[in-house]
Amino acid sequence: DSMENVNLWLAARNVKRTKVVNSYGLNIYDLLYHEKLVLSRAAAEELNHLLDPQAQKANRASDEETPAAATENEGAEEEEAA
């Protein structure tokens, strides 16, 4: 959302050594070079999703299980309706 926020860009250009990037543009150098980091809750969640390999594995596993679970639930609902 930072790339679309015009007010953020206007405010950031008035502060020395400020860099505005989206979560895909953030790198280790930026984190170490700058003393402070300001990010939105959505950006923190996106970074967590991008950088946490355990979360990625869990998401893949839940994505694979979801269609089967939905099919089983649909069958159970049909039986209850009958």
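Residues numbered from 1 in each chain as written. Predicted model: local features only at pLDDT ≥ 70, side-chain atom pairs only at ≥ 80, totals over all residues. Heavy atoms only, no water.

**Q** I'd like a rundown of the layout of surface pockets, residues and numbers included.
**A** If you add up the space inside the largest pocket, you get close to 820 Å³. As for the largest pocket, its lining consists of 29 residues, and the residues nearest its centre are Lys-19, Val-20, Leu-37, Val-38 and Leu-39. Top element by residues in the lining of the largest pocket is helix 3 (residues 41–51). It accounts for four residues. (1 Å grid on protein atoms, 1.4 Å probe; cavity = no way out; pocket = protein on both sides within 12 Å on 5 of 7 lines; lining within 4 Å. Points joined across faces, edges and corners; volume = space filled by probe spheres on them. Helix = DSSP H or I, 4+ residues; strand = E, 2+ residues; numbered from the N terminus.)

**Q** How would you explain the packing of aromatic side chains if you had to name every residue and give the values?
**A** Applying the stated rule across the entire model yields one aromatic pair. On the numbers, 5.5 Å between centres and 15° between planes, the contact of Tyr-29 with Tyr-33 is stacked. Of this pair, Tyr-29 and Tyr-33 both sit in helix 2 (residues 28–33), four residues apart, roughly one helical turn. We classify Tyr-33 as partly exposed; its relative accessible area is 39%. The cationic tip of Arg-17 hangs over the ring face of Tyr-33; the distance from NZ or CZ to the ring centre is 4.7 Å. (Phe/Tyr/Trp six-rings, centres within 6.5 Å; stacked < 30°, edge-to-face > 60°. Buried < 20%, exposed > 50% of the residue type's maximum accessible area, 1.4 Å probe, protein only. Lys NZ or Arg CZ within 6 Å of the ring centre and 35° of its normal.)

**Q** An account of unusual backbone geometry is needed here, citing residue identities and associated values.
**A** Unlike most non-glycine residues, Arg-17 shows phi in positive territory, near 55°. In this structure Arg-17 comes out as exposed when scored by relative accessible area, which is 53%.

**Q** Would you mind going over the environment of Glu-35 in detail, with residue names and values included?
**A** Its place among the elements puts Glu-35 in the loop between helix 2 and helix 3. Among the residues examined, Glu-35 registers a relative accessible area of 75% and is labelled exposed. A sequence separation of 18 residues divides Glu-35 from Arg-17, and the C-alpha atoms of the two residues are 9.7 Å apart.

**Q** Before we move on, could you go through the confidence of the model for the chain and cite the residues and values that matter?
**A** Confidence in the prediction for the chain averages 74 pLDDT; 63% of positions are at 70 or higher. For residues 68–78, every residue scores under 50 in pLDDT, and the model assigns this stretch zero contacts once sequence neighbours within four places are set aside. (pLDDT = per-residue confidence, 0-100. Contact = heavy atoms within 4.5 Å.)

**Q** Describe the pattern of salt bridges, and please don't skip the residues or the numbers.
**A** Going through the model one piece at a time under the given rule, you end up with one salt bridge. Linking Asp-30 and Lys-19 is a salt bridge whose minimum nitrogen-to-oxygen distance equals 3.1 Å. Remark: Lys-19 occurs in the loop between helix 1 (6–12) and helix 2 and Asp-30 occurs in helix 2; sequence separation between them is eleven residues. (Salt bridge = Lys/Arg side-chain N within 4 Å of Asp/Glu carboxyl O.)

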